[in-house]
Amino acid sequence: MTDRADATPPLSLLGDLPADALRRELHRMADWVADYRERIEDRAIVPTVRPGDVTAGLQQHVPEHAEPLANVLRDLDDVVMPGIVHWGHPAFLGYFGSTSNGPALLGEIAAAALNVSAMTWKTSPAATELETVVLQWVRELVGLPDTFTGVVYDTASVAVLHALAAARELALPDVRARGLAGRRDARVLRAYASDQAHSSLEKAMVMLGLGEQNVVRVESDAAFRLRPDALRAAIAADRASGHHPFAVVATVGTTSTASVDPVRDIADVCAEEGLWLHVDAAYGGAMGVLPERRALLDGVERADSVVVNAHKWLFVPLDFSVLYVRRPELLREVFALTPEYLRGDAAMNGAAIDYMDYGVQLGRRFRALKAWMVFRAFGRSGIEARVREHCRLAGVFADCVRAEPAFELAAPPSMSVVCFRCAPASMSAADVDALNVAIVEAVNASGEAYLTHTVLAGRAAMRVGFGNVLTTERHVAEVWERIRAEWRRRSNADQGAR
Ligand code: PLP
């Protein structure tokens with residue numbers, strides 16, 4: 001983007017970039033973006049910067065005078081890009097991969113141009129109604145019944161916060177109005193989840209004033225699924241101690257291994273005990289797209305709330321998280337609050353939805369636009385094919401692990417996640433742990449692949465997750481070869497040292 005003959009002059013003191021200059025810069029930016037996507041594989045996935053390097057390359061104070069855009073864009077290339085981790089690289093297999101794609105990029109550009117706030121229907125009828133339609137689409141895609149009503153938040157962490165705020169209000173009436181402090185009728189509220197569930201539950205309990213310590217982590221079984229018997233026992237022990245159990249989080253697709261809790265059995269426990277059931281299907285909800293795998297979501301229809309992150313595996317880039325609730329009026333009871341200046345805008349006498357009533361946020365991005373573009377551009381069959389392909393690639397990777405005697409699977413492969421370790425027979429457990437952490441670090445430092453590590457039953461393991469539309473079987477083979485090369489390099493060095 002540098003050295004341009006037709007450089008745009010700095011902006012004047014008032015007003016915006018003139019239309020012809022904006023058009024020219026947008027065309028350049030379009031090339032920049034398309035080049036980035038096209039040649040992303042030429043880049044090292046992780047940068048070599050150290051903490052502070054990017055800051056050192058930036059001006060420390062806001063510039064006093066308008067700068068030529070060419071200078072800013074040059075710094076994007078020279079200062080910012082060297083500090084980027086290229087999540088969109090097809091060999092980036094950390095977490096659940098990355099959901100970037102062309103149609104979504106177009107949606108983001110249009111949403112940025114419109115810059116509407118979907119707080120009430122009146123402040124943006126189209127953003128509100130498109131959100132409602134996209135929420136129905138996601139519900140249909142993942143096979144949830146129409147007894148669920150959705151709302152879009154940024155993340156699953158924020159979704160569970162809202163779900164548990166509704167659950168708290170049910171368990172302890174009037175907490176919205178009266179708060180928690182000094183109440184004689186308030187016992188300690190307790191929430192339950194497996195030892196594999198995501199830490200966003202603790203954060204929600206902190207935010208709700210219920211306390212991190214009041215999350216009870218229940219032991220999971222050998223396949224990392226919550227044990228309903230252990231859940232029952234934990235609830236009974238808490239009741240005996242005078243605590244007030246109020247909510248359970250069951251996970252469909254845990255963060256480490258993509259294990260699936262027995263949601264139907266957990267729903268039985270919740271029904272018997274009168275507890276709110278929140279299902280964290282942030283990642284695993286996408287399995288509902290595949291008819292042959294929909295059984296993994298068995299029982300989810302009985303939940304009080306379900307979160308599905310379209311930004312994890314439904315090809316909508318960050319951020320786009322959907323919370324489905326069976327009783328949306330409970331969210332309204334906790335969050336509806338109309339400031340005076342919006343009174344005229346609100347509600348349309350019940351003829352329309354004001355999404356500001358369903359959460360903390362007032363100003364809300366037009367997130368639905370990018371989702372709508374992706375779902376239309378891919379179609380249901382295209383989404384299904386891509387999710388199925390990611391599961392297939394995970395299967396190919398798992399077969400590579402099975403075929404190599406020095407390696408083992410560390411958990412049953414699930415969805416698009418494979419946890420595995422290098423475990424040569426002659427090595428002690430401590431050395432195996434250190435070896436696996438070292439292999440992950442070395443592979444990532446190579447810039448050619450990216451994995452994450454996890455700890456399962458106290459033992460280190462490596463982990464890959466597939467979710468990028470650019471990833472193919474070639475990348476699986478290359479990443480696997482790199483992992484094996486690291487192992488071979490280390491075992492040769494070991495033998496040389498003996
Ligand atoms: N739930 C699960 C199972 C996750 O794996 C994650 C993040 O990886 C979250 C919730 C939190 O997601 P978010 O980043 O959208 O808050």
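Every chain's residues receive numbers from 1 upward, in the order its sequence appears when written. Residue-level local features of this predicted model are given only where pLDDT is at least 70; pairs of side-chain atoms are given and counted only at 80 or more, and the full residue set underlies all totals for whole chains, interfaces and linings. Only hydrogens and water are set aside; all other atoms, that is, all heavy atoms of the structure, feed into the side-chain values.

Caption draft 1: Looking closely at the nonpolar core. What we call a nonpolar core is a set of buried Ala, Val, Leu, Ile, Met, Phe, Trp, Tyr and Cys residues that are connected through their side-chain atoms within 4.5 Å. To sort residues, take the accessible area from a 1.4 Å probe on protein chains only and compare it with the maximum for the residue type: under 20% means buried, over 50% means exposed, and anything in between is partly exposed. Core analysis: the biggest nonpolar cluster contains 107 residues, and L277 and V306 have the highest contact counts within it. Counting the residues that make up this core, at least three belong to each of domain 1 (24-46 + 85-100 + 379-498) and domain 2 (117-365). Discounting chain neighbours no more than four positions away, the residues touching L277 are V248, A250, V263, I266, A267, C270, R302, A303, D304 and S305. Core analysis: the second largest hydrophobic core is formed by 31 residues, L435, Y450, V479 and I483 among them. All the domain ranges listed were derived from an automatic or database domain assignment. Contacts are residue-level and defined by heavy atoms, with any inter-residue pair within 4.5 Å sufficient.

Caption draft 2: Inspection of the site of the ligand at higher detail. Taken together, F96, T155, A156, S157, H198, G253, T255, D280, A282, N309, H311 and K312 make up all the residues around the ligand. In protein, a polar contact means a hydrogen-donor-capable atom and an acceptor-capable atom, both N or O and within 3.5 Å, with residues adjacent in sequence counting only if both atoms are side-chain atoms; elsewhere, any N or O pair within 3.5 Å suffices. Residue T255 places a side-chain N or O atom 2.8 Å away from an oxygen atom belonging to the ligand. The side chain of H311 places a nitrogen or oxygen atom 3.4 Å from an oxygen atom of the ligand. When the ligand sits alone it has 400 Å² of accessible area, and the protein chains cover 85% of it. We count a stretch as a helix when DSSP gives it H or I for four or more residues in a row; a strand needs E for two or more, and each element gets its number in order from the N terminus. Every element with two or more residues in the shell around the ligand is listed here: helix 6 (156-171) and helix 11 (310-313). Counted by class, the shell around the ligand contains three nonpolar, seven polar and two charged residues. Here a residue counts as near a molecule or strand whenever at least one of its heavy atoms sits within 4 Å of it. Computed with the Shrake-Rupley method and a 1.4 Å probe, the accessible areas treat only the protein chains shown as cover for residues. Asp, Glu, Lys and Arg are counted as charged, while Ala, Val, Leu, Ile, Met, Phe, Trp, Tyr, Cys and Pro are counted as nonpolar; the rest, among them Gly, fall into the polar class.

Caption draft 3: Examining the sheet that holds strand 8 (residues 407-409) more closely. One open sheet holds the four strands; their spatial order is 8-9-11-10, and the pairing between them is antiparallel. At either end of the open sheet lies a strand with only one pairing partner, and these are strand 8 and strand 10 (452-456). Sheet twist, expressed as the average angle between the axes of neighbouring strands with direction ignored, equals 40 degrees. At least two DSSP bridges between two strands are required for those strands to pair. Pairing analysis gives three bridges linking strand 8 to strand 9 (residues 417-422), with the strands arranged antiparallel. By the bridge assignment, E408 is partnered in strand 9 with R421. To obtain each axis, a line is fitted to C-alpha atoms, and for helices this fit is confined to the stretch in contact; angles are then taken between N-to-C directions over 0 to 180 degrees. The strands touched by helix 13 (residues 368-403) within the sheet are strand 8, strand 9 and strand 11 (459-465), with strand 9 carrying the most contacts at an inclination of about 15 degrees.

Caption draft 4: How the structure looks around the packing of aromatic side chains. Centre distance within 6.5 Å is the pairing criterion for rings of Phe, Tyr and Trp, where only the six-membered ring of Trp is used; planes under 30 degrees apart are then read as stacked, over 60 as edge-to-face, and the remainder as tilted. The full count for this structure, using the stated rule, is 14 aromatic pairs. Seen from their ring centres, F420 and W480 are 6.4 Å apart, and the 70 degrees between their planes marks the pair as edge-to-face. Taken together, the positions of F420 in strand 9 and W480 in helix 15 (residues 473-497) put the pair 60 residues apart, joining distant regions of the chain. Among the residues examined, W480 registers a relative accessible area of 6% and is labelled buried. Put simply, the rings of F397, F407, F420, F466 and W480 pair up and form one aromatic cluster. R386 extends its terminal NZ or CZ atom over the ring of F378, reaching a point 3.7 Å from the ring centre. A ring is scored as having a charge over it whenever the NZ atom of a lysine or the CZ atom of an arginine sits within 6 Å of its centre and within 35 degrees of its normal.

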